[in-house]
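# Structure at a glance
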Amino acid sequence: MTNRRVMKPTMLSRRHLLRGVMGGTVIAIGLPPLEAMFNSHGTAYAGGAQIPKRLGIFFWGNGVKVDRWVPAATGAAWTPSPALEPLATLKDYVSVVSGMNIKTGNERGHHAGCVGILSGAPMVSQPPGNAGYASTFSKPTIDQVAAAAIGTGTRFRSLEVGVSRRVVTGEGTTLRYLSHNGPDNFNAPEYDPVKVFDRLFGTGFVPPTSTPPPVDPTLALRKSVLDAVSADVADLKNRIGATDRTRLDQHLTSIRSIENRLTTMPPPPPTAGSCKLPTKPGAITDTSSKEAIEERMKAMSDLIAMAFACDQTRVFSMMFSGSVGSTVFWQVNVTSGHHDLTHNEAGNQPQVHETTVFTMKQFATLLAALKAIPEGAGNLLDNCAILASSDVSDGLAHSINNYPILIAGKAGGALKYPGVHYKSSGENTSMVLFSLLKAVGLPLTEFGTAGGRVTTSCTAIEV
Amino acid sequence: MPAPATLRRLTLDQYANTVRDLLGANLTLPTDLEPDTSLNGFASIGAARTAFSPRAIEQLETAALSLSQQALADPTMRAALVSCMPSAAVDDACARRVVTSFGRRAWRRPLTTDEVNRYTAVATQASTTLMDFWNGLRFAVAGILQSPHFLYREELGTPDPAAPMRRVFNGFETATRLSYFAWGTTPDDQLLTAAEAGTLASDAGLREQAERLLASPRARAATEIFFNELLHLADLDDLAKLASVYPQASTTLGASMRGETLRMLDDLAWNAAADFRDVLETRTTFLNAELAKLYGVPAPAGTGFVKATLPSDGMRLGLLGQGSFLALNAHADSTSPTRRGKFIREVLLCHAVPPPPPDVDTTLPPNTGGTGLTMRQRLEKHRALPACAACHQIMDPIGLGLENFDGVGAFRTSEVGQTIDVSGILDGVAFRDPRELAAALKNHADFTSCFTRSVFRFATGHVETTGEEPTVLAISKNVAADGYRFRSLLLALVMSPSFRVTGAPE
């Protein structure tokens, strides 16, 4: 990371000033990437460090109509099925994996699929006798597995956003939240693009070509507050059981990451590559009958893309719609909640299929936003590995076989380009998760837990 | 065996109430905090199990800085917080007094010397850097509001010498538990004083404080949170109804329905003479114009809610006749006897309902208009398939007893040209219509114990253990003997062992 410590001589005085206030705390520097840092091939920063790889998840609820989802042809010659038509212009960046099964058991419809496809591990049921049902994850979701390895050097370890708010809130953490750190331990998505903007690009973000901000002496004072709070957490840890200690360990880690951010020196103004301060999104208003899904999707996609371009984070998860969610897809003339629709629509469920087409159109919005931003010799999507999937295969029957899985991005050359359709005959979906984690650089030799454990990845989508 | 002792996060309501009580009612509260997570029916259970995410800790830091800034910028709030006049920009002694007094209220116990030193040092360092006493003090206040001692209720107890597996709450822990249960907020000065004096250890002392709190209007506000969670009323914010099927649906209808139910429950729960089981049979309710129209009764004057009596010969009575229950437990374009039955089983009787098995086609035949089938006939499919029948048999027959009310809660007597059959059997008791279903439910052996369980779970933050089962049943029995009064139930719970002891942390 030495390339990221480039600084102008004028920075020294600021640095010394800040160091004085901090009482000698070592200061790390988190710079957005500069154009001058890329090598002449554009594949790496000057100094040899590779352009970072990023991992993302796009998740939607209630599955697909499998007969209109799986493309007919396999290999690089695949052409979009009716459901995948909206991805036609991005097809080279997409691989389709069909025919795989979730092998962590189908203990409870929707819940099991969520946990299996996002973490490669079995779900945890929390049905204490006659109380309302709840479930949670047993292991972290893959965004957090990746974040632990590739997300620690950026301002934000990971970013969680949501699009449709109509999610199930009463059956535990599984259906309500996508990203998990462990059991009953989640990273809640933010549904308001204004808040996402403020967090990423508000106070603390130094836009390219701006004047260096004055050093704020209160940053050091906030750090001293957090030191005191950390001491309280350490005291309390001595009095509690193992379960609560896990909660408090995370509390401490979270405090430390705020402290790191406070003591990370604001970067000098860079000469902009693709990184620039984006326009602040306007407030998005939902009405009781119409959620502004497309508007929120566009705003969130642009924010994720610029967060990547400015290297503020390298990991995102997007909960487009919830598992068992009641999103009303009024845009395609559906009038009932999505989950109800998947159980109530008769025949071959043309309306359910239309909601899938609409969902893929939104996924295309995300991919297009990433592809639109140049990076090195290519674009951001060239350096991403994105999983797109759902909580069931077919919502009507709560099936978890022949699972709908898409992979998008080249992961810096680790994933097949142009994309392929790999038709599996019943292999483990965890193989795909394993591929994605390998693609962004995790040196794993196996992945998953219990029925979700695999020792081989899905080589068909890898280079 | 009592449940293991755990740390309980303040819920969002508790956090908001608490900072207002600590600093001042005119605070602008933070809007950007991690949502509560309801587990096994209650946010309080989620608060005892979920971890703060990294993002939540960020949000709490921002919130604490904002709250402390507001409190010290406002002369009234500042005067309430700081009882000394600083002699200079840096005044260690005055900062120490504030940390000691504010810390005791915020952490619901006296601070140790180390803790006082820790936050006094924060204030002094900040005052020195900023050359301003108040701006410096702000950082100590912000720290106290970010400490785990503030954010978590530490109801950990100390081992009971007589029975080492049990841990007894000290006075401050008891005060905290009582205050958050009865008022949804931090203990007031009177309760902290009682805790410090040790009077909460005796039955008489605890009862005196519990009765004081339960006599206050603040108890009604806390109880409203309980009912809102128990009956899933927050879901009414997002009530999706198909306008072509239910033209009565509007953007305000869900809120009106919640308003009716909460008012009815409040009226009944705090009427000292009332039997809380009347929630199922009462014809006294609160209606606004929109609901009166939906129910087909004369509209009250004005725009607000008015106490009303439903026709004594009608089918609409009690909770099961209210729009909130009827519309929430239905589809956007039809009723759902399955959902209504499931709600009654799970929420009102505490009976477990297994989930749908995987790989079963759950589609019902569509209702094709005048020539179609009634809901009862369509649901026959559930009972025809063995994979479905076992579970649907315990839900559908109850819900079918409410088919006189459509998917938005309007009364009807026919469907697809046929007279609706609303008869059925609830656990061996036959009923002919919604009125008899309400009576059967009221007299069901599990109704009172289930209601007791729900209050227990809300109060203690966990589902009762096997070892606590006798306590639940004993409370239930005593409450029955005492005329099923709501306040007696709350009081009996506070006085029960489960409220006063806990198990070793695990």
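Up top you'll find the structure we're talking about.
In what follows, the accompanying structure is described. (Residues numbered from 1 in each chain as written. Chains lettered and ligands numbered in written order. Predicted model: local features only at pLDDT ≥ 70, side-chain atom pairs only at ≥ 80, totals over all residues. Heavy atoms only, no water.)

## Let's talk about the overall build of chain A
Check the secondary structure of chain A and you find 11 helices and 13 strands. Here chain A holds 463 residues, and the buried ones make up 61% of them. Roughly 15,700 Å² of accessible area belongs to chain A as shown, and the carbon and sulfur atoms make up 55% of that amount. (Helix = DSSP H or I, 4+ residues; strand = E, 2+ residues; numbered from the N terminus. Buried < 20%, exposed > 50% of the residue type's maximum accessible area, 1.4 Å probe, protein only. Areas by Shrake-Rupley, 256 points an atom, 1.4 Å probe, with all protein chains shown as cover.)

## Quick notes on empty space enclosed by the protein
Residue and element names in this part refer to chain B. Within this structure, the stated rule accounts for 11 cavities of 30 Å³ or more. Here the largest cavity defines a volume of roughly 160 Å³. Lining the largest cavity are 16 residues, and of these Phe-227, Leu-265, Val-279, Phe-447 and Phe-451 sit closest to its centre. Those elements that place two or more of their residues in the lining of the largest cavity are α12 (217-230), α13 (253-269), α16 (337-348) and α21 (445-460). Considering every element that reaches the lining of the largest cavity, the biggest residue donor is α21, with four residues. For the lining of the largest cavity, the per-class residue count stands at 15 nonpolar, one polar and no charged. Here the second largest cavity defines a volume of roughly 120 Å³. Lining the second largest cavity are Arg-9, Leu-10, Thr-11, Leu-12, Tyr-15, Leu-33, Glu-34, Asp-36, Phe-52, Ala-56, Leu-60 and Leu-151. Elements with a contribution of two residues or more to the lining of the second largest cavity: α1 (12-23) and α3 (54-73). (1 Å grid on protein atoms, 1.4 Å probe; cavity = no way out; pocket = protein on both sides within 12 Å on 5 of 7 lines; lining within 4 Å. Points joined across faces, edges and corners; volume = space filled by probe spheres on them. Nonpolar A, V, L, I, M, F, W, Y, C, P; charged D, E, K, R; others polar.)

## Overview of the packing of helix α5 (residues 92-107) of chain B against helix α7 (residues 133-144) of chain B
Each packed pair of helices is defined by two parameters, the angle between the axes and the distance between the axes. All names here are of chain B. As a packed pair, α5 and α7 sit with axes 10 Å apart at the nearest point and diverge in direction by 30°. As far as their axial angle goes, α7 and α5 are roughly parallel. As α5 runs across α7, the sense of the crossing is right-handed. Contacts between α5 and α7 involve Cys-94, Ala-95, Val-98, Val-99, Phe-102, Gly-103, Ala-106 and Trp-107 from the first element and Phe-133, Leu-137, Ala-140, Val-141 and Ile-144 from the second. (Axes fitted to C-alpha atoms, helices over the stretch in contact; angles between N-to-C directions. Parallel < 35°, antiparallel > 145°, perpendicular 65-115°, else oblique. Left-handed = near helix turned anticlockwise from the far one by under 90°. Contact = heavy atoms within 4.5 Å.)

## Observations concerning the sheet that holds strand β2 (residues 94-98) of chain A
Where strands meet in a sheet, backbone hydrogen bonds hold them as pairs that are either parallel or antiparallel. All names here are of chain A. Pairing is mixed across the open sheet formed by seven strands, whose spatial order is β5-β8-β1-β11-β12-β2-β13. One side of each edge strand has no neighbouring strand; the edge strands of this open sheet are β5 (159-162) and β13 (421-423). Each strand axis lies, on average, 15° off the axis of its neighbour in the sheet, ignoring direction. Direction of pairing for β2 relative to β13: parallel, over a ladder of three bridges. (Pairing = 2+ DSSP bridges.)

## Observations regarding the side chain of His462(B)
Residue and element names in this part refer to chain B. Tracing the sequence through the fold places His-462 in the loop between α21 and α22 (469-481). On the basis of relative accessibility, which here comes to 17%, the residue His-462 falls in the buried class. A polar atom in the side chain of His-462 sits 3.3 Å from the side chain of Thr-460. One polar contact links His-462 to Glu-468, side chain to side chain, over a distance of 2.8 Å. Contacts of His-462, omitting those with residues within four sequence positions, involve Ala-3, Ile-45, Phe-456, Arg-457 and Glu-468. (Polar contact = N/O pair within 3.5 Å; in protein donor to acceptor, adjacent residues only side chain to side chain.)

## Quick look at the pattern of salt bridges
Opposite charge on two side chains lets them pair, provided their charged atoms get close. With the rule as written, the count across this model stands at 53 salt bridges over all chains. The residue Arg220(B) makes a salt bridge to Asp266(B) at a minimum N-O spacing of 2.6 Å. Linking Arg220(B) in helix α12 with Asp266(B) in helix α13, this pair joins segments that are 46 residues apart in sequence. Accessibility expressed as a relative area gives 35% for Arg220(B), which makes it partly exposed. By relative accessible area, which is 23% here, Asp266(B) ends up partly exposed. Residues participating in the shared-partner salt-bridge network are Lys195(A), Arg199(A), Arg261(A), Asp32(B), Arg55(B) and Glu58(B). (Salt bridge = Lys/Arg side-chain N within 4 Å of Asp/Glu carboxyl O.)

## Observations concerning the state of the cysteines
All names here are of chain A. Here the structure, examined in full by the defined rule, presents three disulfides over all chains. One disulfide in the model links Cys-275 with Cys-310; its S-S distance is 2.1 Å. Here the disulfide of Cys-275 and Cys-310 is right-handed, its torsion about the S-S bond being about 100°. Taken together, the positions of Cys-275 in the loop between α7 (242-263) and α8 (293-309) and Cys-310 in the loop between α8 and β8 (315-319) put the pair 35 residues apart, joining distant regions of the chain. (Disulfide = S-S within 2.5 Å.)

## Quick word on the pairing of strand β11 (residues 384-390) of chain A
Residue and element names in this part refer to chain A. In terms of residue burial, β11 counts as a mostly covered element, since seven of its seven residues are buried. Burial along β11 is two-sided: the face carrying Cys-384, Ile-386, Ala-388 and Ser-390 and the face carrying Ala-385, Leu-387 and Ser-389 are both buried. Of the pairings in the sheet, the one linking strand β1 (residues 54-60) to β11 comprises seven bridges and is parallel in character. Paired with Phe-59 across the two strands is Ser-389, which belongs to β11.

## Quick look at the environment of Phe499(B)
All names here are of chain B. Along the polypeptide, Phe-499 turns up in helix α24 (residues 497-500). Look at Phe-499 and you get buried, because its relative accessible area is 0%. Along the primary structure Phe-499 and Pro-2 are separated by 497 residues, whereas in three dimensions their C-alpha atoms are 9.9 Å apart. Setting aside its immediate chain neighbours within four residues, Phe-499 contacts Phe-169, Arg-177, Leu-178, Phe-181, Ala-459, Leu-493 and Val-494.

## Considering the packing of helix α9 (residues 171-182) of chain B against helix α11 (residues 203-214) of chain B
All names here are of chain B. At their nearest, the axes of α9 and α11 sit 10 Å apart, and the two run at 25° to each other. By the angle between their axes, α9 is roughly parallel relative to α11. Two packed elements cross with a definite hand, and for α9 against α11 that hand is right-handed. Across the interface between the two elements, Thr-174, Leu-178, Ser-179 and Ala-182 from α9 touch Leu-206, Gln-209, Ala-210, Leu-213 and Leu-214 from α11.

## Some thoughts on α9(B)
All names here are of chain B. With 12 residues, α9 extends 16 Å between its outermost C-alpha atoms, agreeing within 8% with the 16 Å of an ideal straight helix rising 1.5 Å per residue. Of all 12 residues that make up α9, 11 are buried, and the element is covered over most of its length. Turning to α9, its buried residues are Phe-172, Glu-173, Thr-174, Ala-175, Thr-176, Arg-177, Leu-178, Ser-179, Tyr-180, Phe-181 and Ala-182. Its side-chain oxygen placed 3.0 Å from the backbone nitrogen of Phe-172, Asn-170 serves as the N-cap of α9. Looking one or two places after α9, you find Gly-184, whose phi comes out positive at around 70°. (Expected span 1.5 Å × (residues − 1).)

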